[in-house]
Amino acid sequence: MAKALFLFIFIWVLLIAFVCCQRPKFVNIGAVFTYDSVIGRAAKPAIEAAVYDINRDTRILNGTEVRLFMKDAQCNVFVGSVGAFQVLEEQVVAIIGPQSSGIAHMIAEIANGLQVPQVSYAATDPTLSALQFPFFVRTTQSDSYQMTAMADLIGFYGWKEIIAIYVDDDSGRNGVAALDDQLEKQMAKIYKLRLSINFDDTEIMDLLKQSKLLGPRVYVVHLNPDPRLRFFSVAQKLQMMNDNYVWLATDWLSTTIDSFSQINQTSLSALQGVVGLRQHIPESSKKKAFLSRWRVTQEKGSASSEMNSYGLQAYDTVWTVAYAIDRFIDEFKNITFSSNDKLNDMKTSDLQLGKLKIFSNGSSLLNKILQMNFTGLSGHIQFNEDRNIESGGYDVINIAHMSINIVGYWSNISGFSILPPDTRQGKQTNYSRVDQKLQKITWPGGKTERPRGWVIADNERPLVIGVPYRASFVDFVTEVNKSHKIEGYCIDVFLEARKLVPYDVPYRFEPFGDGRFNPNYNELTQMVAEDVFDAAVGDIAIVTNRTKIVDFSQPYAATGLVIVAPVRNSKSSAWVFLKPFTVEMWCVTAASFVMIAVVIWILEHRVNDEFRGPPRRQIVTMFMFSFSTLFKTNQETTVSPLGRMVMVVWLFILMVISASYTASLTSILTVQQLSSPITGIDSLIASNWPIGYQSGTFSYDYLTESLYIPPSRLVPLRTPEEYEKALRLGPNNGGVAAIVDELPYVEVFLTNQSDFGIIGQPFTKAGWGFVSTFLYKQLNLLT
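### With respect to the overall build of the protein chain
Each helix and strand in the protein chain was counted, giving 24 helices and 32 strands. Counting across all 783 residues of the protein chain, residues that qualify as buried make up 50%. Of the contacts made within the protein chain by residues no fewer than 6 positions apart, 71% connect residues no fewer than 24 positions apart. Carbon and sulfur atoms make up 55% of the accessible area of the protein chain, which totals about 38,400 Å².

Here's what the structure looks like:
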């Protein structure tokens, strides 16, 4: 009896072990996506082909058949959710899809509850990588990665303002939000314009007309694949496909045009100059073989679309799940499901939710999927920590002359390059902008030069430009007789600079001041800083305290503070050569010549035959020798040692006299003489005399704050007439000893004055410039 019992137990254990060790005959997987769509028409036959290839391949699953259950989501969240429940009733171990991010959000919640891995080949919403959806895996690129490439493309060409147009769904909103985050790092601004999910041509037209009211002309279009290319057709009708515009498209456009048959390539005429991104799919023998089979399928009528990148990724997604299931079965031997207590407790007799089972080892299969590492049709399949596939980068495509041209590549390792990226990618690095390169791009309108990318907006109010309403020195800037017409040198410079801008810049001048007194320029710049004026044009000096609150253009006139004081002009006459020496000096010089003549004669006439002869001859020789030494032409030579010593001393004295005479005569003929002892700013500061300055300019601040001159010594002057009167009166008669003012004003003042002059050199360095808080960005008025 005991032996029989032992034998029974042994046989029972063997049966259990046999059943447990036996691999399942089949395993179910589900697929939920929209059949009738650009992506779905490529994905459906690709998924079916992958299941067919897996079941024929003896190297995988070892006899276990993969059974596929597909449901059409019809681009509807509700229908897609129902489809997900229907395939889950078949106890599938994984759900492939969907392609819509909105549907993916709903199915991800269902997958979490039943612990079934969800692997999508087309849902790009970055928020699906959140920890909220632990069972969601993506075999395509997240839009956060694509928008990094798009932001780099915008930065590569230096645009700082763009308009993003997107569909107002999960994928559109979150994709553009990712672009906004990337552009913020580059200090670029983005305007967001949204379309409804079921937009039509009228809505597109209204949106594009609205966009014209903005300044940027760089558009990033982030839509869903559209075989009719309605967006760009409407843009073409609105004449927005010319050289004033830049059109950048995310990979929806490349997916659409890659799905066109050769017959439909004429649709590219509406896309001339558009630049887009396309997921980089490296060439391989496996890919070529599959595409050859695909063409055969097309000829038989089984495929209604050309293959695109999402179709290739759908094929690889099925293989990814199959490889993971193979490893899972090798480890766990069987697939089991358990009841959901929460669903059992619900009254589900009508809904039949009790058929839904929890995948007992769903987390283990998820881990197997995340550990996949193989090469598929779309490239290398490996997942990162966010459950997204490691990217092979993007192709940068340019549609020109009815063809699609690859002008470069982008990856998170090297940025832009004309060489394809490596298939294996690492973590993003800070690549150098200098090393990045793209081929020539043909922009809308057929030009190859980089478009400016912005214009003054159609609804932009005219720029309000403040100009000084001067009472004096009106040659620089002022209002002409209260006629609202502004003229002057500074205005002429502004108008010439404006001609360099290749489009209209609406503006109007606003006089600042009453015209009776010169305005305060510090107040003018403060009003620009406070946005009372958009800019200021005039004779505005670029000084430190002003640069702290506003921006200046490059200087268009050099200036600086100089000193003006009375001078005495020496009028040239026939006797001007006598002025270097006084009468006494001339007498002493003449006496010296006579004395030297007598001394040399005394020392030489006894030993030197040239100093002998009749008395008359000796007198002539004596004085000719003395005076000719001034010109170094004397023919007589000295013989005696004492005579030679006297000649050395005399020649030295002559050299000093000649140099002094030449210097004094040069000064008389070329330099005006001062009527006061002021020689420069130091002597002016050291004195206690009053100093004049032009009211309204920065001269007062500089003299008091930088040179510490007491305000009591400073006299405000307004007009050139007041300048002249104050200088003529002088410091002792109620006038000033000198005037400190900017060089351009002084030059105008001295045009008709001969009794005054500039003393020394400018003791400050400055310039005149235009003022704005956004000058470089909006006006580009650098002169």
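### Quick word on the pattern of salt bridges
Enumeration according to the criterion identifies 22 salt bridges in this entry. Note that K287 is salt-bridged to E283, the shortest N-O span being 3.4 Å. The exposure class assigned to K287 is buried, which follows from its relative accessible area of 10%. For E283, a relative accessible area of 59% puts it in the exposed group. One salt-bridge network, in which partners are shared between bridges, spans D168, D170, R173 and R194.

### With respect to the sheet that holds strand 3 (residues 95-96)
The strand order across the open sheet built from five strands is 2-1-3-4-5, with neighbouring strands paired in parallel fashion. Of all the strands in the sheet, just strand 2 (65-72) and strand 5 (136-138) have a single pairing partner and so form its edges. As paired elements, strand 3 and strand 4 (residues 118-120) share two bridges and run parallel to each other. Counterpart to I95 in the pairing with strand 4 is Q118. Sheet strands touched by helix 2 (residues 38-56): strand 1 (26-33), strand 2 and strand 3. Its angle to strand 2, the strand with the most contacts, is close to 165 degrees.

### Section: the sheet that holds strand 9 (residues 246-249)
Ordered by their spatial adjacency, eight strands build an open sheet running 7-6-8-9-10-15-16-17, and the pairing between neighbours is mixed. With partners counted over all chains shown, the strands left at the sheet margins are strand 7 (189-195) and strand 17 (415-417), one partner each. Mean inter-strand twist for the sheet, computed between neighbouring axes without regard to direction, equals 30 degrees. Alignment of strand 10 (residues 275-279) against strand 15 (residues 394-400), held across five bridges, turns out to be antiparallel. Looking across to strand 15, one finds that G276 is bridged to I397. Helix 5 (residues 143-156) contacts strand 6 (161-167), strand 8 (218-222), strand 9, strand 10, strand 15, strand 16 (403-411) and strand 17 of the sheet and is inclined by roughly 100 degrees relative to strand 16. Along the sheet face, helix 6 (residues 170-185) touches strand 6, strand 7 and strand 8 and points at about 165 degrees away from the line of strand 6.

### Observations concerning the packing of aromatic side chains
The full count for this structure, using the stated rule, is 39 aromatic pairs. Consider the rings of Y315 and W319, whose centres lie 6.5 Å apart with planes at 40 degrees: the pair is tilted. On the criterion of helical spacing, the pair formed by Y315 and W319 is a turn pair, its members being four residues apart in helix 11 (residues 309-332). With respect to class, Y315 is no different from W319; both count as buried. Ring geometry for F512 and F533: centres 6.5 Å apart, planes at 85 degrees, overall edge-to-face.

### Structural notes on a nonpolar patch on the surface
A cluster of nonpolar side chains, contributed by V649, F652, I653, M655 and V656, occupies part of the molecular surface with about 470 Å² of accessible area. Tracing the sequence through the fold places V649 in helix 19 (residues 641-670).

### Overview of the side chain of N412
Along the polypeptide, N412 turns up in the loop between strand 16 and strand 17. At 3.4 Å, the side chain of N412 and the side chain of Y145 are in polar contact.

### A closer look at unusual backbone geometry
G97 connects to P98 through a cis peptide bond whose omega is -5 degrees. Although it is not a glycine, M402 sits at a positive phi angle of roughly 65 degrees. Topologically, M402 is positioned in the loop between strand 15 and strand 16. Looking at M402, the relative accessible area reads 40%, which means it is partly exposed. Not every positive phi belongs to a glycine, and F473 is a case in point at roughly 50 degrees. Residue position: F473 is located in the loop between strand 18 (463-468) and strand 19 (478-479).

Basis of the calculations
Residues numbered from 1 in each chain as written. Predicted model: local features only at pLDDT ≥ 70, side-chain atom pairs only at ≥ 80, totals over all residues. Heavy atoms only, no water. Helix = DSSP H or I, 4+ residues; strand = E, 2+ residues; numbered from the N terminus. Buried < 20%, exposed > 50% of the residue type's maximum accessible area, 1.4 Å probe, protein only. Contact = heavy atoms within 4.5 Å. Areas by Shrake-Rupley, 256 points an atom, 1.4 Å probe, with all protein chains shown as cover. Salt bridge = Lys/Arg side-chain N within 4 Å of Asp/Glu carboxyl O. Pairing = 2+ DSSP bridges. Axes fitted to C-alpha atoms, helices over the stretch in contact; angles between N-to-C directions. Phe/Tyr/Trp six-rings, centres within 6.5 Å; stacked < 30°, edge-to-face > 60°. Patch = residues over 30% accessible without salt bridge, like charges linked within 9 Å, V, L, I, M, F, W, Y side chains within 5 Å. Polar contact = N/O pair within 3.5 Å; in protein donor to acceptor, adjacent residues only side chain to side chain.

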